[in-house]
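# Structure assessment
Below, each chain spelled out in residue letters.
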Amino acid sequence: MSKEHTKSEHQQSSVALLLIDVINTMDFEGSELLARYTEDAADRIASLKKSAKENGMPVIYVNDNYGMWQSNFNKVVNYAAEANGKHLVDRLAPDDDDYTVVKPKHSGFFSTPLSSLLKYLKVHTLILTGFAGNICVLFTANDAYMREYELYIPSDCSASNVKEDNDYALKLMEGNLKANIQPSTELDLKEIMQKADDKNTVTSYEG
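Okay, so let's go over this structure. (Residues numbered from 1 in each chain as written. Predicted model: local features only at pLDDT ≥ 70, side-chain atom pairs only at ≥ 80, totals over all residues. Heavy atoms only, no water.)

A few words now on the pairing of strand β1 (residues 15–20). For β1, a buried count of six out of six residues is recorded, marking the element as mostly surrounded by other parts of the structure. Side chains V15, L17 and L19 of β1 all project onto a buried face; the interleaved residues A16, L18 and I20 project onto the opposite face, where all are buried too. Bridge analysis of β1 against strand β4 (residues 125–131) gives six bridges, and the strand direction is parallel. By the bridge assignment, L18 is partnered in β4 with L128. Bridge count between β1 and strand β2 (residues 59–64): four bridges; the pairing is parallel. Within β2, the position partnered with L18 by the bridge is I60. Crossover β1 to β2 through helix α1 (residues 31–54) is right-handed. (Buried < 20%, exposed > 50% of the residue type's maximum accessible area, 1.4 Å probe, protein only. Helix = DSSP H or I, 4+ residues; strand = E, 2+ residues; numbered from the N terminus. Pairing = 2+ DSSP bridges. Right-handed = clockwise from strand over helix to strand, strands pointing away.)

Along its 24 residues, α1 runs 32 Å from first to last C-alpha, staying within 8% of the 34 Å computed at 1.5 Å per residue. The largest bend in α1 comes to about 40 degrees, at T38. Taken together, the buried positions of α1 are occupied by S31, L34, T38, A41, A42, I45, L48, K49, A52 and K53. The first or second residue beyond α1 is G56, which carries a positive phi of 75 degrees. (Expected span 1.5 Å × (residues − 1). Bend = angle between axes of the 7 residues up to and from the residue.)

Here is the structure:
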């Protein structure tokens, strides 16, 4: 694991970056279809993660644990690397100061401590990335919207087995969940964080 970043004990921020199922074995039925799109998306996610951390934004991995309930997250990473997911692990392995949440189902909120973690970090805006865009990203986005999080879901930071399915999921999230789906290259993270901070200040005052 990289030790490039030093973890703050209280890395609180109005905005968090979620990486959903990016530590992936890529050995399931249909994974060869998904693999066509994951490398480009992984590079974009890695670049976005780097920018997020430079701006003091917490990074949270929300990931399937592949049935290894008694394992730590490092074992999940190693398991994925030893399967067909080495190209993703090489690009997107978590740093020591990143947060990790394992999930049993599609949504990152279902039966996980994600809500409690976001509350602890004082997060009100989420940037969602990962695989597959039309399943786990979509389900997580839906649950986030129901919890009144403002959403950014960069169109170049997700992938699905079929490109048209991923595009349709993005349009659904934009239309129904009010998500901003601008590509990551067009996002101004400082502006997003300032907007979220201003909104939190107003909300706290009104409360």
